[in-house]
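Analysis of the macromolecular model
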Amino acid sequence: DIAGRSDQALSLFKQIENNYSSLAKLSASEEHKPRVMLNTPYRDSWFIPSKQSYMVQLISDAGAECYTSANEGNSSHPIDTEQAYVWAAEADYWLNVGPCNSLAELTLQNPKFADIKRVTQHRVYNNNARQTPSSGSDFWESGVVRPDLILRDMIAIFHPELLGNKPYLVKDGVALPANELYYYKQLK
């Protein structure tokens, strides 16, 4: 019975909002802002988000900078593949690499990826740590209502020193260890 639970729902969303704000403040003073490349080619086009994208905002709130398309709005747009390779080579981190679960899968997708420094340095992270049996990503399911967990993952990737050893409360008293990611995983 969900009737009469609006106060409980508002309280939960307020807690998530407070968690997000606290995490964003934690990384706001970070002077070093790593550069982040997103995505991989899809049907011979590499889509990059515009500056108004929620993903770009999450990365910014985590104390990093994202390569973006020059387009207005909040959607992703295709960019020249050669430009994408240049950005991937320059980036400090590479995130959201499609369905890949390992660096071998990523380089199988395109052998040129094996030459990208972030691949050889294992600085590639994917948002599919929590998968359904049919390989669906929970990032796209529950992440929409838990931006605090996404932001926490990104801070743990870009600035792990900011989180220290403090566990993070996920839900119903369950704590996530400080060094453990929730939606993301480092590809190896």
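Please refer to the structure higher up on the page.
Report on the accompanying structure. Quick caveat: nothing in here was measured; it's all calculated off a predicted structure.

**Here we look at the state of the cysteines**
Counted by the stated rule, this structure contains zero disulfides. Note on Cys 66: no disulfide assigned, nearest cysteine sulfur contributed by Cys 100 at a separation of 18 Å.

**A word on the packing of helix 1 (residues 6-28) against helix 2 (residues 54-61)**
The contact between helix 1 and helix 2 brings their axes to 8 Å, and the two run at 60°. Of the possible angle classes, the one that applies to helix 1 and helix 2 is oblique. Every residue of helix 2 that contacts helix 1 at Tyr 20, Ala 24 and Ser 27 is listed here: Gln 57, Leu 58 and Asp 61. For the contact of helix 1 with helix 2, the per-class residue count stands at three nonpolar, two polar and one charged.

**Concerning the packing of helix 1 against helix 6 (residues 147-158)**
It is the contact of helix 1 with helix 6, at a shortest axis distance of 8 Å, that shows an interaxial angle of 20°. When the interaxial angle is binned, helix 1 and helix 6 end up roughly parallel. Taken as a pair, helix 1 and helix 6 cross one another with a handedness that is left-handed. Taken together, the residues of helix 6 that come into contact with helix 1 (itself represented by Ile 16, Asn 19, Tyr 20, Leu 23, Ala 24 and Ser 27) are Pro 147, Asp 148, Leu 151, Arg 152 and Ile 155. For the contact of helix 1 with helix 6, the class distribution of residues is seven nonpolar, two polar and two charged.

**Digging into the sheet that holds strand 5 (residues 76-79)**
One open sheet accounts for three strands, arranged 2-3-5; its pairing is antiparallel. A single partner strand is all that each edge strand has here, and the edge strands are strand 2 (41-42) and strand 5. The sheet contact formed by strand 3 (residues 45-49) and strand 5 spans four bridges and is antiparallel. Counterpart to Phe 47 in the pairing with strand 5 is Pro 78. Across the sheet, helix 3 (residues 81-90) is in contact with strand 3 and strand 5; its angle to strand 5 comes to roughly 100°.

**Overview of helix 6**
Relative to the 16 Å expected for twelve residues at 1.5 Å per residue, helix 6 spans 16 Å between its end C-alpha atoms, a close match to the ideal helical length. Taken across its twelve residues, helix 6 has eleven buried, putting it largely inside the fold. Regarding helix 6, the residues found buried are Asp 148, Leu 149, Ile 150, Leu 151, Arg 152, Asp 153, Met 154, Ile 155, Ala 156, Ile 157 and Phe 158.

**Description of the side chain of Asn 126**
Mapped onto the elements, Asn 126 comes out in strand 7 (residues 124-126). A distance of 3.0 Å separates the side chain of Asn 126 from the backbone nitrogen of Val 97, its partner in a polar contact. Of the polar contacts made by the side chain of Asn 126, one reaches the backbone oxygen of Gly 98; its length is 2.7 Å.

**Topic: the environment of Gly 63**
On the secondary structure map, Gly 63 appears in the loop between helix 2 and strand 4 (65-66). Taking the C-alpha atoms as reference, Gly 63 lies 22 Å from Gly 73; in sequence the two are ten residues apart. With residues up to four places along the chain from it excluded, the contact list for Gly 63 reads Ser 27, His 32, Lys 33, Pro 34 and His 159.

**What to know about the packing of aromatic side chains**
Applying the stated criterion across every chain yields a total of twelve aromatic pairs. When the ring of Phe 139 is compared with that of Tyr 183, the centres are 5.9 Å apart and the planes differ by 90°; the resulting orientation is edge-to-face. Taken together, the residues span a long stretch of sequence, with Phe 139 in the loop between strand 7 and helix 6 and Tyr 183 in the loop between strand 9 (174-176) and strand 10 (185-186) at a distance of 44 residues. Here the two residues Phe 139 and Tyr 183 agree in accessibility, since each one is buried. Ring centres of Tyr 182 and Tyr 183 lie 4.8 Å apart, and the angle between their planes is 90°; this geometry places the pair in the edge-to-face category. A connected cluster of aromatic rings, assembled from ring pairs, spans Phe 139, Trp 140, Tyr 182, Tyr 183 and Tyr 184. Directly above the aromatic system of Tyr 93 lies the positively charged group of Arg 123, at a separation of 5.0 Å from the ring centroid.

Calculation rules
- Residues numbered from 1 in each chain as written.
- Predicted model: local features only at pLDDT ≥ 70, side-chain atom pairs only at ≥ 80, totals over all residues.
- Heavy atoms only, no water.
- Disulfide = S-S within 2.5 Å.
- Axes fitted to C-alpha atoms, helices over the stretch in contact; angles between N-to-C directions.
- Helix = DSSP H or I, 4+ residues; strand = E, 2+ residues; numbered from the N terminus.
- Parallel < 35°, antiparallel > 145°, perpendicular 65-115°, else oblique.
- Contact = heavy atoms within 4.5 Å.
- Nonpolar A, V, L, I, M, F, W, Y, C, P; charged D, E, K, R; others polar.
- Left-handed = near helix turned anticlockwise from the far one by under 90°.
- Pairing = 2+ DSSP bridges.
- Expected span 1.5 Å × (residues − 1).
- Buried < 20%, exposed > 50% of the residue type's maximum accessible area, 1.4 Å probe, protein only.
- Polar contact = N/O pair within 3.5 Å; in protein donor to acceptor, adjacent residues only side chain to side chain.
- Phe/Tyr/Trp six-rings, centres within 6.5 Å; stacked < 30°, edge-to-face > 60°.
- Lys NZ or Arg CZ within 6 Å of the ring centre and 35° of its normal.

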